[in-house]
Amino acid sequence: MKVAIVSSFVPFVGGGARNIVDWLAAELEKRGHEVVKVLLPFSDEPRFLFQQIAAFRTIDLTDSADIAICIRPPAYFIKHPRKVVWFIHHLRTYYDLWESEFRLTRDTAITRARRDSLRRADTAALGEATRIFVNSVVVGERLKKYNDIESTVLYPPLPTDYRGSSNDAGDTITYISRLDLTKRQHLLIDALALTTSDVRLVLAGKAADASYSTFLREHAENLGVEHRVTIDDRWVSDDEKADLIASSFAVAYLPVDEDSYGYPTLEAARVQRPVLTAVDSGGVLELVSDGLNGRVVEPTPQALAAAMDDLFFDRDNSARMGVALSQSVSDLDISWDTVIEGLLS
Amino acid sequence: MKVVVANNMAPFLWGGAEELAVNLVDRIQRRGHEAELLRIPFRWNPVEDLPAQMVAMRSLELENTDRLIALKFPAYYLRHEHKTVWLLHQFRQAYDLYDAGMSELPGSVFGDEIRETIARADAQSFDDSRNIFTNSPTTSDRLWHYNEFASEVLRPPLNDPEHFTGGRSEGYIFAGGRVNGAKRQNLLVEALAHASNKVKLVIAGPPESPADRELLEQTIERLGMQGRVTLDLRFLSRAEVGDYVNHAMACAYIPFDEDSLGYVAMEAAEAGKAIITTTDSGGVRGMVEVGNNGWIVDPTPEALGEAMSAASQSGALAKKMGKSSRELWRGMNVTWDYTLDRLLS
């Protein structure tokens, strides 16, 4: 089948939304499909919102592809009679983040009108789709709440050729993700200062804004824990990731109300390490349950420090929860076979 | 520096321009910059959709990008404060193909309006570009003739000169490239009947249709040239093409009225081989100085037969002319080093 995968991107910025496109393309090709990736730039700047959406709308793939799979907004504005949407998030500032501190603009009559117009346009464009899938229960609920649209969950897997690692668990907790305020690496440094064990931290990943990694370093020094934390502001390759994670006894992942369980969670499951997360981390909780395959605690330094010490002192239990996490991934049927069967059904 | 290379895309189709764009990105990266390829779907049919697609290009927002290099209509309509156009071609149906009666644009008031719109938008886009380069004198001439913009010719270099290092002659004349009517390999077989008995010919490349293969086979049989022609009609790897060129006595390339110098001729010169071409081969003639590094003869079996005889007559002569070929080609400075110097200037 000729499959077009349509998405948006910001030049020179990598991450989950790009990975999902590349990995899906590779898995489709493995199964004998012809794939073309249609990736158009998209800027968050509110003034350019509708003109960019209009540009996406001019793309008509009717004659060239048998099916168009749309991923990141506003990809689903393109035209195709068999438009399938794998919805990974809204333009959140106009949706669930509108009432939060993360809203990009001030709340004025104009920005509200923009928000409401976008919501109507989204609902209409999504209404054209023949199938709508989401990457998590959380996102499915948002789609229902804001656009009154039903959807089916298709959990995004890691690429199948992702290599594991046989490294032994050491004394570190590793957090590999974009260094970012919303990922809350700083909270772990706060917690580290309150731990009673000799637990060490590795925080690795490219910072979108270099001032955050500078802040993290200064913060660690101020709290006197700089010798127990490694802050590595750079892009980490998949192979290196596997080794880093396997060398630690647990993985931390604490995003604010994340859209999905997040790739770091799957990466931990691949090498059977438990995940430390927070009660407000959103989609992560679809996979991680407290005491079963990781720890889910309040996003406070005290609660995190206690959980870090527990994980450190009871290694047998940590190892057991790591194995349980990998079992949870199988139980949720997170696989490319499931995804592709769903998208092309 | 972050450089975006923008090109059009006809989904699921791949050709010379796509190959060039991929190579350009690769070369920019090798120079130590970040580079990304942006491929924007474009279809010129139905004509009514053209204006919307043109506006769409103006509506996209390219952030986090220091330089834009745009290659084709309408990709060069993208807005960027540092835009360089390396024009492979404009929308020829609105210009020279229209004048030649070969355009699918309607010859109505509506068609005229579209052509005027394109001309105006082209002017605006070229006007807001920092530099305009083209791939050939023909493209530059058209740009001057129709839009009155001056441009600098920057011929696309070989993508993989490393395969064409030259080598000892094994005595055959090589005719490479796509096999079809316009490239006239059949005429070379006919010419062989007029050449001295010692001339051998190797034709290698993918036939465009089964008929192209049959024609060659029939001609060889009709003229009894089985012992003197080797056919290798398939898609060859670049290394295989390099092998054929490197061990040839001389190379023949006789396309009808080609715009560019022709990759086949450029490869011959890179490998240090004399070149045989015809008076009506267009841009390819620019690769040959008669008597110095090759032959430019009438497109007749007799004249070509004579040239092939002369090329095969003496190993010493072929070697001397081959050396001149390489010197002439080096003097043209069509290299990625120079190309990037200019494009990124």
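Residues numbered from 1 in each chain as written. Chains lettered and ligands numbered in written order. Predicted model: local features only at pLDDT ≥ 70, side-chain atom pairs only at ≥ 80, totals over all residues.

Q: Please set out the overall build of chain B residue by residue, giving values where relevant.
A: Check the secondary structure of chain B and you find 12 helices and 12 strands. Against the 2.2 N^0.38 benchmark of 20 Å for 345 residues, chain B shows a C-alpha radius of gyration of 22 Å, consistent with a compact globule. Taken along its principal axes, the extent of the C-alpha atoms in chain B is 65 × 50 × 35 Å. The burial tally for chain B puts 46% of its 345 residues in the buried class. If you take every contact in chain B between residues at least 6 apart in sequence, the share linking residues at least 24 apart comes to 67%. (Helix = DSSP H or I, 4+ residues; strand = E, 2+ residues; numbered from the N terminus. Rg over C-alpha atoms; globule rule 2.2 N^0.38 Å. Buried ≥ 20, exposed ≤ 12 C-beta atoms within 10 Å, placed from the backbone. Contact = placed C-beta atoms within 7 Å.)

Q: Which residues make up the interface of chain A and chain B, and what values go with them?
A: With 23 residues of chain A in contact, the opposing surface of chain B contributes 19 residues. Going through the elements one at a time, strand S1 (2-9), strand S2 (34-41) and helix H2 (49-57) of chain A are the ones with two or more residues in the side of chain A that touches chain B. Among the residues forming the side of chain A that touches chain B, the class breakdown is 15 nonpolar, 5 polar and 3 charged. (Nonpolar A, V, L, I, M, F, W, Y, C, P; charged D, E, K, R; others polar.)

Q: How would you summarise the sheet that holds strand S4 (residues 83-89) of chain B if you had to cite specific residues and measurements?
A: Residue and element names in this part refer to chain B. Spatially, the 6 strands line up as an open sheet ordered S2-S1-S3-S4-S5-S6, and their pairing is parallel. Edge positions in the sheet fall to strand S2 (34-41) and strand S6 (152-153), since each has one partner strand and no second. As defined by bridge partners, strand S1 (residues 2-9) adjoins S2 across 8 bridges and the pair is classed as parallel. Looking at the pairing, Val 5 lines up with Leu 37 of S2. (Pairing = 2+ DSSP bridges.)

Q: Account for the domain arrangement of chain A, with residues named and values stated.
A: When the parts of a complex come together, some accessible area is lost, and that lost area is often used as the size of the interface. All names here are of chain A. Split into domains, chain A comes out as domain 1 (2-154) and domain 2 (172-331). Relative to domain 2, the C-alpha centre of domain 1 lies at a distance of 29 Å. Every contact between the two is made by 10 residues of domain 1 and, on the other side, 9 residues of domain 2. Per-element tally for the side of domain 1 that touches domain 2: the top contributor is helix H4 (residues 137-147), with 3 residues. Grouping the constituent residues of the side of domain 1 that touches domain 2 by class yields 4 nonpolar, 6 polar and no charged. (Domains from an automatic or database assignment.)

Q: Explain the pairing of strand S12 (residues 294-297) of chain A to me, and be specific about the residues and the numbers.
A: Residues and elements named next belong to chain A. Side chains Gly 294 and Val 296 project from S12 onto one buried face, and the interleaved Arg 295 and Val 297 project onto a second face that is buried too. Of the strand pairs in this sheet, strand S11 (residues 275-278) and S12 are connected by 4 bridges, and their pairing is parallel. Residue pairing for S12: Ala 278 is matched across the bridge by Val 297.

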